[in-house]
Amino acid sequence: MPPVRKKVVKPAAVAAQTPKSAPAKPPAQEQQPAQAQPPPPKPQQPLKPLAWGLLPAEWKAACAEFRQPAFRAKQIWKWLQQRRAISWDAMTDIPTALRDKLAERYDITAWTDDAYEQSADDGVRKLLLCCRDGVRIESVIIPARDQSTLCISSQAGCAFGCAFCATGKCGFERNLDPGEIVGQFVAAAAVATRRLTHVVFMGMGEPFANYDNVIKAVRILNDFDGIAIGARRMTLSTCGVVPGIERLATENLQVELSVSLHAPNDELRSKIMPVNKRWPMSELMAACDNYTRTTGRVITFEYTLVDGFNNLPEHADRLIELIKPMRGRVNLIPLSPVEHFDGVAPDMESCEAFARRLQKAAINVTLRRSKGKGVTAACGQLRLSRLAAAASAQIPVSDI
Ligand code: SAH
Ligand code: SF4
């Protein structure tokens, strides 16, 4: 994996790297005559699996296939997941012939380009990473008190089209594979100034629409002999994909679950989250209730406050009715402005009043003012991620 170059770029320069602003059609007068056009491109070779996306058992199987002793699998795992080797050649205690075979079968380089970085004055850093097929994704490093959280993407784009979400607006490109998910951690860890202690799946995409790859990545990140992020320090966030919540309840994984609720009834929720038409709130809350009972774990409900839309006292009261029976926590997020959505965040006084109403009903609630200025302020996802970090640090309203 190439080293990630620290590069502070202006938003416009970043935008120029994204697929959205990529090649517009050339003006008609610049087009080549038909006979001078190059031959059609050859069909692309399928990409090799990324080494970062294999579990220890898969390395064992691969080594058995290469007629290698089992300890080689452990060596490879350590080189990758502990020492974060960025080339096969770095694995000096592995025979050259085996290294050649590994290089033939697996890619160790997840990103084709250096990462572009935006930094904010409060230490938040956003990385734009270019996948091997040119798709670009973002990961965000969020320092907070004595911890450091990495917000990672599970998909390039998202098909769920929530009205207030910048990623949803861009549509869906593709699922990320486990190596690309773990690779985000490796890239971020290489540039982070502090050890990354937490991972939240709150970047681009819906984790439960890429369930198998996300869970595999969680298991790799969690492995004690590798990156070793504790399961309780990882948070999966879903917009309400009920089958995903049901499956997670059976995984025996101690990960945290966040559910993006954002409204206290079907009428409002369906206006901003199309997913609510597929899995309405009765089904969603039943799945959450079942998850809590089966796992004994508490769910965090994300609630983005939009002025005049979902921040009235009756909305808070309905929210309390919904989540109190399952001891749910609430993470309040003042809406981060996005161009295509005409809602605005309530003023902080109003956000605090909403939070206090929940607190009075003995709901565990977090709310954090945005400190973001400059380059990061434009990015809704980025701002949200910082709030998520506050939530995972369990900073109470009174402490902010
Ligand atoms: N797809 C998953 C995870 C990625 S989105 C989900 O929806 O939960 C992570 C969080 O960002 C979600 O809670 C989402 O609702 C929130 N979000 C997206 N755009 C936002 C905005 N403009 N302001 C505040 N929160 C936003
Ligand atoms: Fe997708 Fe989550 Fe954005 Fe909705 S909020 S569009 S589910 S990334």
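Each remark here, short or long, concerns the structure printed above.
Residues numbered from 1 in each chain as written. Chains lettered and ligands numbered in written order. Predicted model: local features only at pLDDT ≥ 70, side-chain atom pairs only at ≥ 80, totals over all residues. Heavy atoms only, no water.

A.B. asks: Hey, could you run me through the overall build of the protein in this one?
C.D. replies: Of the regular secondary structure elements, the protein holds 14 helices and twelve strands. Residue burial in the protein is summarised as follows: out of 400 residues, 54% are buried. Taking contacts inside the protein between residues at least 6 apart in sequence as the whole, the part at least 24 apart equals 67%. For the protein, the accessible surface area stands at approximately 18400 Å², while carbon and sulfur atoms represent 52% of it. (Helix = DSSP H or I, 4+ residues; strand = E, 2+ residues; numbered from the N terminus. Buried < 20%, exposed > 50% of the residue type's maximum accessible area, 1.4 Å probe, protein only. Contact = heavy atoms within 4.5 Å. Areas by Shrake-Rupley, 256 points an atom, 1.4 Å probe, with all protein chains shown as cover.)

A.B. asks: Could you clarify how one ought to interpret the environment of T250 in this entry?
C.D. replies: The topology assignment puts T250 in the loop between α8 (242-248) and β9 (256-260). Using a relative accessible area of 64% as the deciding quantity, one classes T250 as exposed. When the C-alpha atoms of T250 and T295 are compared, they prove to be 8.2 Å apart, with 45 residues separating the residues in sequence. A distance of 2.6 Å separates a polar atom in the side chain of T250 from the backbone oxygen of R247. (Polar contact = N/O pair within 3.5 Å; in protein donor to acceptor, adjacent residues only side chain to side chain.)

A.B. asks: What exactly am I supposed to notice about the packing of aromatic side chains here?
C.D. replies: Within the structure shown, the criterion is met by four aromatic pairs. The ring of W79 carries R83 above its face, with NZ or CZ at 4.1 Å from the centroid. (Phe/Tyr/Trp six-rings, centres within 6.5 Å; stacked < 30°, edge-to-face > 60°. Lys NZ or Arg CZ within 6 Å of the ring centre and 35° of its normal.)

A.B. asks: Sorry if this is basic, but what is going on with the sheet that holds strand β7 (residues 198-201) here?
C.D. replies: Pairing between the strands of a sheet is mediated by backbone hydrogen bonds and can be parallel or antiparallel. Taken together, the ten strands give an open sheet; going across it, the order is β1-β2-β3-β4-β7-β8-β9-β10-β11-β12, and neighbouring strands pair in mixed fashion. Both edges of this open sheet fall to β1 (116-119) and β12 (365-367), since each of them pairs with a single strand only. Direction aside, the axes of adjacent strands within the sheet are offset by 20° on average. Relative to strand β10 (residues 300-305), β9 runs parallel, the two sharing three bridges. Counted as the bridge partner of V259 is F301 from β10. Packed on one face of the sheet, helix α6 (residues 178-191) meets β2 (125-130), β3 (136-144), β4 (147-151) and β7 and runs near 130° to β2. (Pairing = 2+ DSSP bridges. Axes fitted to C-alpha atoms, helices over the stretch in contact; angles between N-to-C directions.)

A.B. asks: What am I meant to see in the pattern of salt bridges here?
C.D. replies: Oppositely charged side chains can pair when the atoms bearing their charge come close. Within the structure shown, the criterion is met by 17 salt bridges. Residue D177 is joined to R132 by a salt bridge in which the shortest nitrogen-to-oxygen separation is 3.8 Å. Here R132 lies in the loop between β2 and β3 and D177 lies in the loop between β6 (172-175) and α6, a separation of 45 residues in the sequence. Several salt bridges converge on common partners, so that one network encompasses K48, D107, R132 and D177. (Salt bridge = Lys/Arg side-chain N within 4 Å of Asp/Glu carboxyl O.)

A.B. asks: So what exactly am I meant to see when it comes to the site of ligand 2 here?
C.D. replies: Near ligand 2 the following residues occur: C158, F160, G161, C162, C165, G168, G205 and C239. Residues that form the shell around ligand 2 fall into these classes: five nonpolar, three polar and no charged. (Near = heavy atom within 4 Å. Nonpolar A, V, L, I, M, F, W, Y, C, P; charged D, E, K, R; others polar.)

A.B. asks: Could you clarify how one ought to interpret the site of ligand 1 in this entry?
C.D. replies: Ligand 1 sits among 20 residues. The nearest are F164, S237, S260, H262 and S336. One of the backbone nitrogen or oxygen atoms of F164 is found 2.9 Å away from a nitrogen atom of ligand 1. Within the side chain of T304, one N or O atom sits 3.3 Å away from a nitrogen atom of ligand 1. Calculation on ligand 1 without its partners gives an accessible area of 530 Å², and the protein chains cover 97% of this total. Of all the secondary-structure elements, those providing two or more residues to the shell around ligand 1 are β8 (234-238), β10 and α14 (380-392). Of the residues assigned to the shell around ligand 1, the class counts are nine nonpolar, nine polar and two charged.

A.B. asks: Where do I start with unusual backbone geometry in this structure?
C.D. replies: With the exception of glycine, most residues fall at negative phi, and the peptide bonds are largely trans. Residue R67 is not a glycine yet carries a positive backbone phi of 55°. Its location among the elements puts R67 in the loop between α2 (56-65) and α3 (71-82). Here R327, not a glycine, exhibits a phi torsion of approximately 55°, which is positive. You can see R327 is positioned in the loop between α12 (313-323) and β11 (329-334).

A.B. asks: Quick question: what am I supposed to make of the environment of E246 here?
C.D. replies: Relative to the helices and strands, E246 resides in helix α8. Judged by relative accessible area, which is 42%, E246 ranks as partly exposed.

A.B. asks: What should I look at first to understand the nonpolar core in this one?
C.D. replies: One broad trend across soluble globular proteins is that nonpolar side chains are buried collectively. If you look at the biggest cluster of nonpolar residues, it comprises 112 residues, and the most contacted ones within it are W59, L332 and L358. Setting aside anything within four residues of it in sequence, one finds L358 in contact with A316, L319, I320, V330, L332, I363 and V365. (Core = buried A, V, L, I, M, F, W, Y, C linked by side-chain atoms within 4.5 Å.)

A.B. asks: Is there a simple way to explain α12 in this structure?
C.D. replies: Turning to α12, its buried residues are H315, A316, L319, I320, L322 and I323. Summarising the axial view, the buried residues of α12 lie within an arc of 160°, below the 170-degree limit, and thus occupy one face. Buried residues in α12 make contact with α9 (266-272), α11 (281-295), β10, β11 and α13 (348-360). (Arc of directions from axis to C-beta.)

A.B. asks: Looking at this structure, how should I read a positive patch on the surface?
C.D. replies: The grouping of K60, K74, K78 and R83 at the surface amounts to a positive patch. Mapped onto the fold, K60 is located in helix α2. Take K60: its relative accessible area is 52%, and that puts it in the exposed class. (Patch = residues over 30% accessible without salt bridge, like charges linked within 9 Å, V, L, I, M, F, W, Y side chains within 5 Å. Lys, Arg positive; Asp, Glu negative; His and termini not counted. Charge placed at Lys NZ, Arg CZ, Asp CG, Glu CD.)

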